[in-house]
Each structure stands twice: as structure tokens, then as C-alpha cells.
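The lines below spell out each chain.
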Amino acid sequence: MIKTSRCVFMAAVFLLAGGTAHAQSAPGYPARPVRMVVRFAPGGASDFVGRLIQPRLVQELGQQVVIDNRAGASGNIGVEVAARATPDGYTLLLGNIGTMAINPSIYPKFPIKPVRDFIGVTQVVDVPVALAAHPSVPVKTMKEFIAYAKAQSGKLNYGSAGAGSNGRLEMEQFMRLAGIDLTHIPYKGGAGAAATALVSGEVGVAFVSLASVMPHVRAGKLKILGVSAGKRVAALPDVPVMPELGYKDMQTGSWQGVYVPAGTSRAVVDRLYAAATKVMADPDVVKRINDSGAEVIVSASPAAFAVFMKEQNERFAQVVRQIGGITE
């Protein structure tokens, strides 16, 4: 299933009427390989999405697209690398909700400001976040988990990709809503490291992206208690979403988007937008995204993505203020 952020019709018109013209408006681009910076180590949702779209992006651009994993500092290292690159279209950033919308409020002294220092090309996917538990946690439902967590107050560990990660923010919000107290164990390297710790039983639970854990769920190595989405996901039709469980405000997915450094020409941005929208319309890409527990979402235009980015930054600034900030 493909969704289009803001306006399906506008994106379709762009592809049918303007995509070719815009693609021709950047003559000679790209003339050499393009680098795509992924802010986390291999194994997480971001790396999964990057490597899934890479082959089709190569076809659309006619040049190699090289994945450059730059993990560390809750994704900020990769963000800074991309922001300081020459704004010529040869460095892309695959950014996500954590690095582009949450981190600005978690790390206010970080010199890079996503809304100011990047141009958003388009959103590409939304990856639902779910509360997953290791089989050793003796519960089957969310109700049982909350009762167990209260009985084990402060003794049950949960993992995350770091202080500024969506999984950390989700759990902080959930603990306050459910009246439970868990101990935070942060991991470096993004969702992949946190998911590995969960699968091994090093931590009992975690809010993780479905894309990073679906193989383990299917293998019976993890169980999903609830999904932070507005409706049930195709990959887990029998698992309730958080609003069904009484947590209506917990509908935050780990969205991903393509960015270029501020100062990149409009012609290059339009060329990349045309290429990205075609990639995300590919039936095989859509199927593999859906099978992973995610869904394709393409912005109506780069301008629409900029509006979305501003709204997301404002929303999480408010959430962080409401919960009194985030610390390790």
C-alpha cells in the first residue's frame, strides 16, 4: 500500500506532467557516483530502507549510489557529515524522525539544525514502532505487561538507540501514561544494536521499528504487545495498535526521508524528487517495504515535505517539554 503525504493527486500530476521536465532541468547531473549517508550502523530500519531503495535509485539516476554508514551520537554524526558536504547533489542523507525532528530538542547545542541546514527532498517510508518483548518476559498482552512491570518496578530493563531516539521518547511517554517504571539501557549504533540486545534477552522490552525486528517476530524470538500506529499494520493484523489499548496519543512512526544540504540547487532537488518518487512506486519496493511492517509514503512535493518537517520539529519540542526533558 502506497500513501502520499499531503496530496496523492499532486504527486501523480508531478510524475505524469512535470517529472520528465524537471529531470531534464539539471543537465549533466549526476555525472559521478552519489553518496547516501545513513546515520546508523547496518542492521537497523534506516540501513534496511537505504539498501532497499539503493538499486532502483541507481537505475533512475544512472550512477552508482554508495551507502555510507556514519553511526554515533544518536545519529548526529551522520547528520553533521551530510550537512557540511558540498551542496551539489552528490551527498544525500537518509534522515529519520529521531535525527531530523527529535534530536533538535534533545541536543539544543548541536550546531546542525535540520530545518535550516537541509532541504528535504521527500519522505519515503513510515515505519511503525512497536512495543516488543523478549520471550522471557512472562506476558502475552499489554494488560499483563503493565501489571508485570508494576510488580517489577525499576527492575525490568528496556533498550533504546540512545537518549534522542524515537524508541526512548516513546517509552518515556508510555511509562508516564501507564504508570510504570523501567530502567533505561541505551545502545550505540541505532535500532540494530537495540534490537540485537532485545533478541538476546539482554533487555526485556523495547519500542523498536517493526522493520528491524519482523524476522525475529516471525521466528518466535520476540513478541509484539502493541503497535504505535493509527490502524493495524498489514504485517501484524492480529496485534492491537496503541489507541485501541487506550493510548490514543501514541501513533508515532519512525518515518524516513531523503535530504540534501541547504544550498543545493532547485534543479537538482527536483531531479532527485522525480527519481525518488519513481523508486518508491516500484511494485517490488512497495511489496518489500510492506512485508517489513512499513509502508511507502511519498511527499506531495519538496515544499510539502518542508512543512511536514517544521510541524514534526514543533511537535516533539512540545513533547520533550511536557515530559521534562530527556537524560541518559
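Residues numbered from 1 in each chain as written. Predicted model: local features only at pLDDT ≥ 70, side-chain atom pairs only at ≥ 80, totals over all residues. Heavy atoms only, no water.

Concerning the nonpolar core
Counting residues in each nonpolar core, the largest one holds 37 residues, and the members touching the most others are Met36, Leu57, Leu92, Leu272 and Met280. Other than its neighbours up to four places away in sequence, Met36 contacts Gly50, Ile53, Leu57, Val65, Val66, Ile67, Asp68, Leu92 and Leu94. (Core = buried A, V, L, I, M, F, W, Y, C linked by side-chain atoms within 4.5 Å. Buried < 20%, exposed > 50% of the residue type's maximum accessible area, 1.4 Å probe, protein only. Contact = heavy atoms within 4.5 Å.)

Details of the packing of aromatic side chains
Enumeration over the complete set of coordinates arrives at eight aromatic pairs. An angle of 70 degrees between the planes, with centres 5.3 Å apart, marks the rings of Tyr29 and Tyr90 as edge-to-face. One end of the pair, Tyr29, is in the loop between helix H1 (8–23) and strand S2 (34–38); the other, Tyr90, is in the loop between helix H3 (76–83) and strand S4 (91–96), with 61 residues separating them in the sequence. Each member of the pair, Tyr29 as well as Tyr90, is classed as buried. Between Trp255 and Phe308, the ring centres sit 5.2 Å apart and the planes meet at 65 degrees, which makes this aromatic pair edge-to-face. A residue pair is termed long-range when its members are at least 10 positions apart, and Trp255 in the loop between strand S10 (223–228) and strand S11 (256–261) and Phe308 in helix H12 (residues 302–322) qualify at 53 residues. For the pair Trp255 and Phe308, one class covers both residues: buried. Counting every residue linked through ring pairs, the aromatic cluster contains Phe118, Trp255, Tyr259, Phe305 and Phe308. Seen from the ring of Phe316, Arg315 lies directly overhead, with NZ or CZ sitting 5.0 Å from the centre. (Phe/Tyr/Trp six-rings, centres within 6.5 Å; stacked < 30°, edge-to-face > 60°. Helix = DSSP H or I, 4+ residues; strand = E, 2+ residues; numbered from the N terminus. Lys NZ or Arg CZ within 6 Å of the ring centre and 35° of its normal.)

Regarding the pairing of strand S9 (residues 205–209)
Burial of S9 is extensive: five of the five residues sit out of reach of the surface. Going residue by residue along S9, you find Val205, Phe207 and Ser209 tucked away on one face and Ala206 and Val208 tucked away on the opposite face as well.

Digging into helix H9 (residues 210–218)
When H9 is considered as a whole, its buried residues turn out to be Leu210, Ala211, Ser212, Val213, Met214 and Val217. Tucked inside the fold, the buried residues of H9 contact helix H2 (45–61), strand S6 (129–133), helix H8 (191–200), S9 and S10. A positive phi of about 80 degrees marks Gly220, the residue just after H9.

Regarding unusual backbone geometry
A cis amide bond, omega -5 degrees, links Tyr29 with the succeeding residue Pro30. With respect to the secondary-structure elements, Pro30 resides in the loop between H1 and S2.

Overview of the pattern of salt bridges
In the structure shown here, the tally under the stated rule is 14 salt bridges. Between Arg70 and Asp68 there is a salt bridge, with the nearest N and O atoms lying 3.1 Å from each other. Look at Arg70 and you get partly exposed, because its relative accessible area is 31%. Take Asp68: its relative accessible area is 15%, and that puts it in the buried class. Its salt-bridge partner being Arg84, residue Glu80 comes within 2.9 Å of it at the nearest N-O pair. Arg84 gets classed as exposed once you look at its relative accessible area, which sits at 56%. Shared partners join several salt bridges into a network, and the residues in it are Arg35, Asp68 and Arg70. (Salt bridge = Lys/Arg side-chain N within 4 Å of Asp/Glu carboxyl O.)

Notes on the pairing of S4
Burial runs high along S4: six of the six residues are buried. Residues of S4 alternate between two faces, with Thr91, Leu93 and Gly95 on one and Leu92, Leu94 and Asn96 on the opposite face, all of them buried. Bridging between S2 and S4 involves four bridges; their strand directions are parallel. Within the sheet, the bridge partner assigned to Val37 lies in S4 and is Leu93. For S4 and S11, the ladder comprises four bridges, and the chain directions are antiparallel. (Pairing = 2+ DSSP bridges.)

A short note on helix H11 (residues 283–291)
Working note: α-helix, 3.6 residues per turn, so residues spaced by three or four point in the same direction. All of the buried residues in H11 are Val285, Val286, Ile289 and Asn290. When H11 is viewed along its axis, its buried side chains cluster within an angular range of 130 degrees and face the same direction. Facing away from the buried surface of H11 by more than 90 degrees, the exposed residues are Pro283 and Lys287. The N-cap residue of H11 is Asp282: its side-chain oxygen and the backbone nitrogen of Asp284 are 2.9 Å apart. (Arc of directions from axis to C-beta. Polar contact = N/O pair within 3.5 Å; in protein donor to acceptor, adjacent residues only side chain to side chain.)

Focus: the side chain of Arg39
Position of Arg39 among the secondary structure elements: in the loop between S2 and H2. One buried charge, Arg39, has no salt-bridge partner; the nearest side chain with opposite charge is Asp47, at 8.7 Å. Looking at Arg39, its side chain comes within polar contact range of the side chain of Ser46, at 3.1 Å. For Arg39, the side chain forms a polar contact with the side chain of Thr99, separated by 3.3 Å. (Lys, Arg positive; Asp, Glu negative; His and termini not counted.)

Observations concerning the side chain of Ser301
Of note, Ser301 is situated in the loop between strand S12 (295–299) and H12. Classification of Ser301 as buried rests on a relative accessible area of 18%. Those residues in contact with Ser301 that sit more than four places away from it in its chain are Val121 and Tyr273.

Scope: geometric values only; no functional claims are made or implied.
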